[in-house]
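Structural characterization, general
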Amino acid sequence: MNNRVPLSQEDVSKYHEEGFLIPDLALPNDVLAKIRNSYSEISKADNIVDHNHVLAPHVGNHAGNGVPPHLARDWLQYAHHPLILDVLEQLIGPDILLWSSVLFGKPAHTGKRVPWHQDAPYWPIRPMAACTVWIAIDDSTRENGCLEVVAGSHKAQREKEHSAAVSEEDLLNRAIDEKDINEDDIRFIELKAGQFSVHDAFLVHGSDPNRTDHRRAGLTLRFMPGTAVYDRSIAGELATDETEAFETRARPVFLCRGADRTGRNTNIVCI
């Protein structure tokens, strides 16, 4: 077990009880500056189709994302920051694997709504024991469409029905019906740039559009414990086209700390 314990026992209990946590921590200013610079480079790259929704920036040219290898190495480095791994070690255990990431630009006035959903139905992790670290590249507020979560909605550890109709303007193509959401349980994950939150794969969450004059960029890092498997046999089923299906099945899994306890994770990379 790592000797560094940035979270209190109360923090750990809160995460397991509510399904999310905003640690009273932040990445160092120099790391935040590097992340912002990497985002600026992503924004200027000619061959990236959608600069505001980049899938797996830590893997160069994954699923046609157009991210050059030198930039992918930078995003992979941020996922290995010791502070993030120390927090995860207290929440999901000492064996930590990175299997995905997404960069959300959410630009001023045009940043899309993300309807209520769980991550679990979209993820090929078996058993479903995974979480997301959400890093604020900019200040994330209620006004510019911060992450919203339904506290405690993860407790059953099962997938909820995603059948509600969504607008063409929304980022997802299916959602949990709003009538099934208890408004009293909604929490707004407001973060200063450099702060991060963690949430469970079964936690219901979403976000409003960005109607402000300011960008709301964020980096999500998807991790799983060493007791879980990235199931390539079903990974392609969740893709939107054949190119993405092929790339998703071939995606490397990165061992960030500890070991793969299953011995069944293929294409695993240790750095």
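Preceding this paragraph is the structure being described.
Before going into details, it helps to say that this report is about the structure given with it. One numbering rule holds for all chains: residues counted from 1, following each sequence as written. Only residues with pLDDT of at least 70 are given local features in this predicted model, and only at 80 or more are side-chain atom pairs given and counted; all residues enter the totals for whole chains, interfaces and linings. To get the side-chain values, all heavy atoms of the structure are used, and hydrogens and water are removed first.

1. Regarding the sheet that holds strand β8 (residues 186-189)
As a reminder of what qualifies: Only strands joined by at least two bridges in the DSSP assignment are considered to pair. Every helix listed is a DSSP run of H or I at least four residues long, and every strand listed is a run of E at least two residues long, numbered separately from the N terminus. Axes here refer to lines fitted to C-alpha atoms; in helices the fit is confined to the stretch in contact. Angles between the N-to-C directions go from 0 to 180 degrees.
Taken together, the 4 strands give an open sheet; going across it, the order is β4-β10-β7-β8, and neighbouring strands pair in antiparallel fashion. Of all strands in the sheet, those bounded by a partner on one side alone are β4 (114-117) and β8. This sheet shows a mean twist of 25 degrees between the axes of neighbouring strands, independent of strand direction. Note: β4 against strand β10 (residues 205-207), 2 bridges, orientation antiparallel. Across the sheet, the residue bridging to H117 is H205, located in β10.

2. Notes on the nonpolar core
Rules: Definition used in this section: a nonpolar core is a set of buried Ala, Val, Leu, Ile, Met, Phe, Trp, Tyr and Cys residues joined via side-chain atoms within 4.5 Å. The buried label applies to any residue whose accessible area, calculated with a 1.4 Å probe on protein chains only, is under 20% of its type's maximum; exposed applies above 50%, and partly exposed to all values in between.
Of all hydrophobic cores here, the largest spans 42 residues; its most connected members are L88, V133, V198, L221 and F223. Counting residues in hydrophobic clusters, the runner-up holds 15 residues, among them L97, W99, F202 and L255.

3. Side note on the packing of aromatic side chains
Under the convention used in this document: Aromatic rings from Phe, Tyr and Trp, with only the six-membered ring used for Trp, were paired whenever their centres fell within 6.5 Å, and each pair was classed as stacked if the ring planes differed by under 30 degrees, edge-to-face if by over 60, and tilted otherwise.
Across all of its chains, the model carries 3 aromatic pairs by this definition. On the basis of an interplanar angle of 35 degrees and a centroid distance of 5.8 Å, the ring pair of W99 and Y230 is categorised as tilted. With W99 in strand β3 (residues 96-104) and Y230 in strand β12 (residues 229-230), this residue pair connects regions lying 131 residues apart in the sequence. Considered together, W99 and Y230 belong to a single accessibility category, that of buried residues. One aromatic cluster is present, built from ring pairs that chain together W99, W123 and Y230.

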